[in-house]
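Next come the chains, spelled out residue by residue.
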Amino acid sequence: MQFLNLTPVLDWVAANPHWSGAAVFLISVAESLAIVGLFIPGTVVMFGVGALVAAGVMDLWVTLGLAAAGAIVGDGISYWLGYHYHERLRSMWPFSRYPQLFARGEAYFHRHGGKSVLLGRFVGPVRPIIPVVAGMLNMPPSRFLVVNVLSAIGWAPAYILPGVVFGASLGLASAVASRLAVLVVVLLLVLWFSVWAVRRVIRFLQPRTEVMLTRLLNWSRSHPLLGDLTATLVDPQHPESRGLLMWAGILVLAAWLFLGALDELVSGSPLVRADSAVFHLLQGLRTPWADQLMVFISQLGDVQVLLPLAVTVTLVLMWRRHWQAVLHWLAATAFGVLLTLALKHVLRTPGPVSLYQDLAGYSVPGAHVTLSMVIYGFLAVLIARELSIKNRWIPYALVSVLVVAITVSRLYLGVHWLSDGLGGLVLGLAWVALLGVAYRRHMPRALPERLLTATALATLLIAASWHISQHHARDVERYALSYTIRALGAQEWWERDWQTLPAYRVDLQGQPEQPLNVQWAGALSDLRAQLVAQGWREPVELNFNSALQWLVPQAELTQLPVLPQVHDGRHEALLLVYPLPAATRQESKRLVLRLWTADTVLRDDASTAVRPPRRMQRGAAHDNTAVSGTGLWVGNVTRQRLLTPLPALTIARSEAEMNAPLKFFQTMLNGLQWKIVQRTEPRTAAFSNWNGEVLLIHSMSLDKERK
């Protein structure tokens, strides 16, 4: 069944707020009408309406009231049709096209009685037909009206409020960085797909596995050469150690031949283009907070975490004398290490960046990915064997989430190409599958599943906590991107080269954010001291306690933290706020000044146009004056106001207007040299509230240098 595309409707509501109430009412009526409601994705539509409420386009209580009223009217019309036409309705178009829907609705009504009107509003398949069936079966009108009103009152907030919360949180996330929001959505989709795929594969294989293995066993008995090799995996009576060594050798040889041929033949192929495209895409999504998250995930695949886990599992199995499981576990971990080292030594394929020495510096296969797949994957095999059939998918799904997340983190940090990560996943999965089949078919005695799971989780938690606490900051700096520092002449910048600096804040590539209408030349400490003397202040620090102020219904604007924003992958180096006078709390506003490094210094002699790149920790408030010359910074002045999309949710939202805040800011620059210049290039229509003016400011010391 094809859903209607209501995106244009939602866009129209956002662009025409004076008609938004009527639109919400009519959408709610249509969503509740018999048959028509089948084509209206009510959850999606009301979720989108909630997002518009969060954006301040619509009032919450009015929207809830209109949505509930529309639902009451829609169900009322449906009830009247059934009450008036009774059985004749079955033969009338379009009802005659859905006899199965009537049957399901009647069965649901007979099962739940009058409550079906209340429950049915929240049950998608029967929602649009229950009121019709209630009328056809002569449910008293007064009773239907009471249940109809109560269900609509519950339906409106249940469908709209999640959209409000999502819209508010998405607005906060996009205020920090659109690329961060995109990255989180992409990561969640990839992890969701991993779980979905694992469940589908296991659901497909479980009823067929024994049949396939039996066929393999029968085939092995009639083929002496290859059959003997296959029997090591599927025949419980066949010794497996020699055969597993042969399978390991075949896997290494196959990987070497395939990856080696790939390396020689695919230059300029779609795979190489995909590697480059994914690399640049993910590098374009880097932000300081995402760096912290991805380094954290990547560290779960470090040897400092995997080695204690491997040792602990070995000791537990030895303590309980599960020698067959011990041998398989050691085979899994040892071969994982040897596989990665051997292929790195033979192929010697460089990665996107050089961060490691010796063999670790080569990219194929990804050691983190391969070892994580082998160790975490075979641990899932050990645990899943002891679970009931319906629960065996759980450890596999959890491991898939963990290993895929580690793979994504390595790609995000720029350590591996996409093909490296996928190659590591396939190699590790192939060995786990081979070893897992052999382990399960040779019927070892049952393992202490609860003890093994608890010990493994405790070891993982302790090892990861210690490793991350000791090395997280170092690794964040190691994986940070490099930036090129360029030099400009001070006089040239003041007169014309200011136009070479970016006009807009860069978040997602090709998507300009707020204009950058302030340029400052000098030390940040000088500007901070000047503005603090004028009444500017450091904002409330963003932490868990201050973030709770968003949930305080009557929170003051001065109590709310200012979310950091991203320009070119970095947070602002200077962030100050200035409270504006207001008659009431709801009218309170504040100015926000943000400055980011321009990766540029001003020099009297700018003959050295570009300096060598330096590796800097992303997000660090480094001072460009560390390179000889006066630091140059870009930023903007915006105005924020209170927004209360929910009674228990208060946020600060930046206004689109850019000219008035800049005019006010100019009155606070006594003792500094400044001037207004005009951007000449066309300005994007998305920022029609900016007239193109840019404020250039510098300290008196720079003025002396220029003279």
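Participant: Can you break down the overall build of the chain residue by residue, with the values?
Facilitator: Across its full length, the chain holds 25 helices and 14 strands. Residue pairs in contact within the chain that sit at least 24 positions apart in sequence constitute 76% of those at least 6 positions apart. Summing over all exposed atoms, the chain offers an accessible surface of approximately 33,000 Å²; the carbon and sulfur share of this is 65%.

Participant: Break down the pattern of salt bridges for me, citing the residues and quoting the values.
Facilitator: Tallied over the entire structure, the rule returns 11 salt bridges. For Arg594, the salt bridge identified is with Glu572, shortest N-O distance 2.6 Å. On the criterion of sequence distance, the pair formed by Arg594 in strand β9 (residues 589-603) and Glu572 in the loop between β7 (570-571) and β8 (574-580) is long-range, its members being 22 residues apart. Each member of the pair, Arg594 together with Glu572, is buried. In the salt-bridge network here, residues are joined through shared partners; they are Asp568, Arg570 and Asp599.

Participant: An account of the environment of Tyr159 is requested, with residue identities and associated values reported.
Facilitator: Residue position: Tyr159 is located in helix α8 (residues 141-176). In this structure Tyr159 comes out as buried when scored by relative accessible area, which is 13%. For Tyr159 and Gly50, which are 109 residues apart along the polypeptide, the C-alpha to C-alpha distance reads 8.0 Å.

Participant: Which residues make up the nonpolar core, and what are the values?
Facilitator: Val313, Leu317, Trp329, Tyr376, Leu382 and Leu452 are the most contacted members of the largest nonpolar core, which totals 62 residues. Elements with a contribution of two residues or more to this core: α9 (178-205), α14 (288-299), α15 (303-319), α16 (323-347), α17 (367-384), α18 (393-412), α19 (418-441) and α20 (449-478). Among the elements that line this core, the one with the most residues is α17, at 12 residues. Residues contacting Trp329, with those up to four places away along its chain left out, are Leu309, Ala310, Val313, Thr314, Leu317, Ile375, Phe378, Leu379 and Leu382. By size, the runner-up hydrophobic cluster in this structure holds 23 residues, among which are Leu531, Leu595, Trp633 and Phe665.

Participant: Help me get a handle on the packing of aromatic side chains, residues and values and all.
Facilitator: This model, assessed by the stated rule, comprises 10 aromatic pairs. Centre to centre, the rings of Tyr578 and Phe664 are 5.7 Å apart; their planes meet at 45°, and the pair counts as tilted. In this pair, Tyr578 is assigned in strand β8 and Phe664 in helix α24 (residues 659-666), connecting sequence segments 86 residues apart. With relative accessibility at 17%, the residue Tyr578 sits in the buried group. We classify Phe664 as partly exposed; its relative accessible area is 33%. Three or more aromatic residues joined by ring pairs form one cluster here, namely Trp536, Tyr578, Phe664 and Phe665. We note Arg199 situated over the ring of Trp393; from NZ or CZ to the ring centre the distance is 4.1 Å. Above the ring of Trp319, the side-chain terminus of Arg320 is found at 5.6 Å from the ring centroid.

Participant: Now, about the packing of α14 against α20: what can you tell me, with residues and values included?
Facilitator: Running from N to C, α14 and α20 point in directions that differ by 130°, and their axes come no closer than 10 Å. Considering their axes alone, α14 and α20 lie oblique with respect to each other. In this structure, α14 meets α20 at a crossing whose hand is right-handed. Only His467, Ile468, His471, His472, Asp475 and Val476 of α20 make contact with α14, whose side of the interface consists of Gln292, Val295, Phe296 and Gln299. Classifying every residue of the contact of α14 with α20 gives four nonpolar, five polar and one charged.

Participant: Please provide a residue-by-residue account of the pairing of β9, values included.
Facilitator: Looking along a regular strand, one sees the side chains alternate between the two faces of the sheet. The buried fraction of β9 amounts to 14 of the 15 residues, a majority that puts the element mostly inside the structure. Inspection of the sheet shows strand β2 (residues 486-489) paired to β9 by four bridges, in the parallel sense. Note that in β9 the partner of Ala487 across the bridge is Val601. Note: β8 against β9, seven bridges, orientation antiparallel. Considered in β9, the bridge of Leu575 is made with Arg594.

Participant: Help me get a handle on a nonpolar patch on the surface, residues and values and all.
Facilitator: Residues Val303, Leu307, Val311, Leu315, Met318 and Trp323 make up a contiguous nonpolar surface patch of roughly 580 Å² in combined accessible area. If one sorts the elements of the nonpolar patch by residue count, α15 sits on top with five residues. Position of Trp323 relative to the elements: it lies in helix α16.

Participant: Which residues make up the packing of α17 against α18, and what values do they have?
Facilitator: Remark: α17 packs on α18, axes separated minimally by 9 Å, with the N-to-C direction vectors making an angle of 175°. As summarised for this structure, α17 and α18 are arranged roughly antiparallel, according to the angle between their axes. Facing His368, Val369, Ser372, Met373, Tyr376, Gly377, Ala380, Val381 and Ala384 of α17, the residues of α18 in contact are Pro395, Tyr396, Val399, Leu402, Val403, Ile406, Thr407 and Arg410.

Participant: Please set out the confidence of the model for the chain residue by residue, giving values where relevant.
Facilitator: For the chain, per-residue confidence averages 75 on the pLDDT scale, and 67% of positions sit at 70 or higher. In this model, residues 1-7 is a region of pLDDT below 50 whose contacts with residues beyond four sequence positions or in other chains number 12 contacts. Taken as a whole, residues 264-268 scores under 50 in pLDDT and shows three contacts with residues more than four places along the chain or in a different chain.

How each quantity is defined
- Residues numbered from 1 in each chain as written.
- Predicted model: local features only at pLDDT ≥ 70, side-chain atom pairs only at ≥ 80, totals over all residues.
- Heavy atoms only, no water.
- Helix = DSSP H or I, 4+ residues; strand = E, 2+ residues; numbered from the N terminus.
- Contact = heavy atoms within 4.5 Å.
- Areas by Shrake-Rupley, 256 points an atom, 1.4 Å probe, with all protein chains shown as cover.
- Salt bridge = Lys/Arg side-chain N within 4 Å of Asp/Glu carboxyl O.
- Buried < 20%, exposed > 50% of the residue type's maximum accessible area, 1.4 Å probe, protein only.
- Core = buried A, V, L, I, M, F, W, Y, C linked by side-chain atoms within 4.5 Å.
- Phe/Tyr/Trp six-rings, centres within 6.5 Å; stacked < 30°, edge-to-face > 60°.
- Lys NZ or Arg CZ within 6 Å of the ring centre and 35° of its normal.
- Axes fitted to C-alpha atoms, helices over the stretch in contact; angles between N-to-C directions.
- Parallel < 35°, antiparallel > 145°, perpendicular 65-115°, else oblique.
- Left-handed = near helix turned anticlockwise from the far one by under 90°.
- Nonpolar A, V, L, I, M, F, W, Y, C, P; charged D, E, K, R; others polar.
- Pairing = 2+ DSSP bridges.
- Patch = residues over 30% accessible without salt bridge, like charges linked within 9 Å, V, L, I, M, F, W, Y side chains within 5 Å.
- pLDDT = per-residue confidence, 0-100.

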